[in-house]
Amino acid sequence: MFRQNSAQRTEADRLAPLAVNGLSAAYHKKTVLKNVSFTVKEGELIGIIGPNGAGKSTLMKAALGLIPTLGGEVLVYGKPYAAQRKLVGYVPQRESVDWDFPTNALDVVTMGRYGRLGLFRRPGAKEKKIAMECLDKVGLADFASRQISQLSGGQQQRVFLARALAQDASLYFMDEPFAGVDAATEKAIMTLLQELKREGKTVIVVHHDLATVREYFDSVLLLNVELQAFGPTSDVFTQELLQRTYGGRLAFLERHEYAGLTLAKG
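In what follows, the accompanying structure is described. Residue positions are given per chain, counted from 1 along the sequence in the order it is written. Whole-chain, interface and lining totals are the exception, using all residues; otherwise, since this is a predicted model, local features are given only for residues with pLDDT of at least 70 and side-chain atom pairs are given and counted only at 80 or more. With hydrogens and water stripped out, all remaining heavy atoms of the structure feed into the side-chain values.

## As for the pattern of salt bridges
Side-chain pairs of opposite charge can arise where the charged atoms are in close proximity. Counted as salt bridges are all cases of a side-chain nitrogen of Lys or Arg within 4 Å of a carboxyl oxygen of Asp or Glu. Applying the stated rule across the entire model yields five salt bridges. Across the pair K128 and D107 runs a salt bridge, and its minimum N-O distance is 3.1 Å. Separated by 21 residues along the polypeptide, K128 in helix α5 (residues 125-137) and D107 in helix α3 (residues 105-110) bring together distant segments of the chain. Buried means the residue's accessible area, taken with a 1.4 Å probe over protein chains only, is under 20% of the maximum for its type, while exposed means over 50%, and partly exposed covers the values in between. Given the relative accessible area of 29%, K128 is considered partly exposed. With a closest N to O distance of 3.5 Å, D168 and K201 form a salt bridge. Taken together, the residues span a long stretch of sequence, with D168 in the loop between α6 (153-166) and β7 (171-175) and K201 in the loop between α7 (183-198) and β8 (202-206) at a distance of 33 residues. By relative accessible area, D168 is classed as partly exposed at 42%. The secondary structure listing takes helices from DSSP runs of H or I that are at least 4 residues long and strands from runs of E that are at least 2 residues long, numbered from the N terminus.

## Notes on the packing of α5 against α6
For helices, the axis comes from a line fit to the C-alpha atoms of the stretch in contact; other axes are also lines fit to C-alpha atoms, and the angle between any two N-to-C directions lies between 0 and 180 degrees. Here α5 crosses α6 at 135°, and the two axes come no closer than 8 Å. It follows that α5 is oblique to α6 by the angle criterion. The interaxial crossing formed by α5 with α6 has right-handed handedness. Judged by residue contacts, C134, L135 and K137 of α5 engage A162, L165 and A166 from α6. Note on residue categories: nonpolar means Ala, Val, Leu, Ile, Met, Phe, Trp, Tyr, Cys or Pro, charged means Asp, Glu, Lys or Arg, and polar means any other residue, Gly included. Considering only residue class, the contact of α5 with α6 consists of five nonpolar, no polar and one charged. The scheme is simple: roughly parallel for angles under 35 degrees, roughly antiparallel for over 145, roughly perpendicular for 65 to 115, oblique for anything else. Crossing handedness is read from the near helix: turned anticlockwise from the far helix by less than a right angle, it gives a left-handed crossing, and turned clockwise, a right-handed one. Should any heavy atoms of two residues lie within 4.5 Å, those residues are considered in contact.

## Overview of the sheet that holds strand β2 (residues 30-40)
For two strands to be treated as a pair, DSSP must find no fewer than two bridges joining them. Taken in spatial order, the four strands make up an open sheet running β2-β1-β4-β5, and their pairing is antiparallel. Each having just a single partner strand, β2 and β5 (79-80) make up the two edges of the open sheet. Pairing of strand β1 (residues 18-27) with β2 involves seven bridges; the strand directions are antiparallel. By the bridge assignment, V20 is partnered in β2 with F38. Each of β1, β2 and β4 (71-76) is contacted by helix α2 (residues 56-63), which is oriented at about 65° to β2, the strand it contacts most.

Fair warning: the whole summary comes from geometry, so function is off the table for now.
Put into structure tokens, the structure is as follows:
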């Protein structure tokens, strides 16, 4: 009901912010992503949900060309990602970044402007002004000159969000942006994502907290190596489909009720 295949794709799908068809990837000869196909709508917040090792981050990296793939097609507004880099912003997992690199918050955010400058232009006053405005949006204008190694985990995450904002992208990929942040930072991030949505941007988020899925996302993609389901949150975020996605791993965890849905905590 919620799956798509290439025969069902239309020209509108191919001009969507992101259209993925038959994407597969492997690590050390083990398949971690198998024949995944889906198309996202413009101006939505989309959550990628699944158990550990399900391929959530792999899906994001494969779509962005950051890791080799076994096959498949990824189109961004109807063209290969390599031709549309300026339209795409990416926030990686905080743990994957070298935070000891000697640079300050403003310089990191200014890096988000490089894609629009070209190879031979250096950022000037205009780019610095845009970077400062983006830092202000995430509440870190006062930390512009602070070395990134001296920032808290939540502040570091905000810096990378500000860098993505500075790219002025149309499609954003965010890998676990809420992981390990305090409540204030989570609220600030969510406010920012809602603002991007109001501007017509499309945001795809790898997410792990089931308790906030209904509140945060318009659509949900359930993944466990293969696509389990994709569609509006009200249709896809159900106990039956979650059980299919997580399998027995849900059954042995503490149970909670929220938003009319009984789920395992995890």
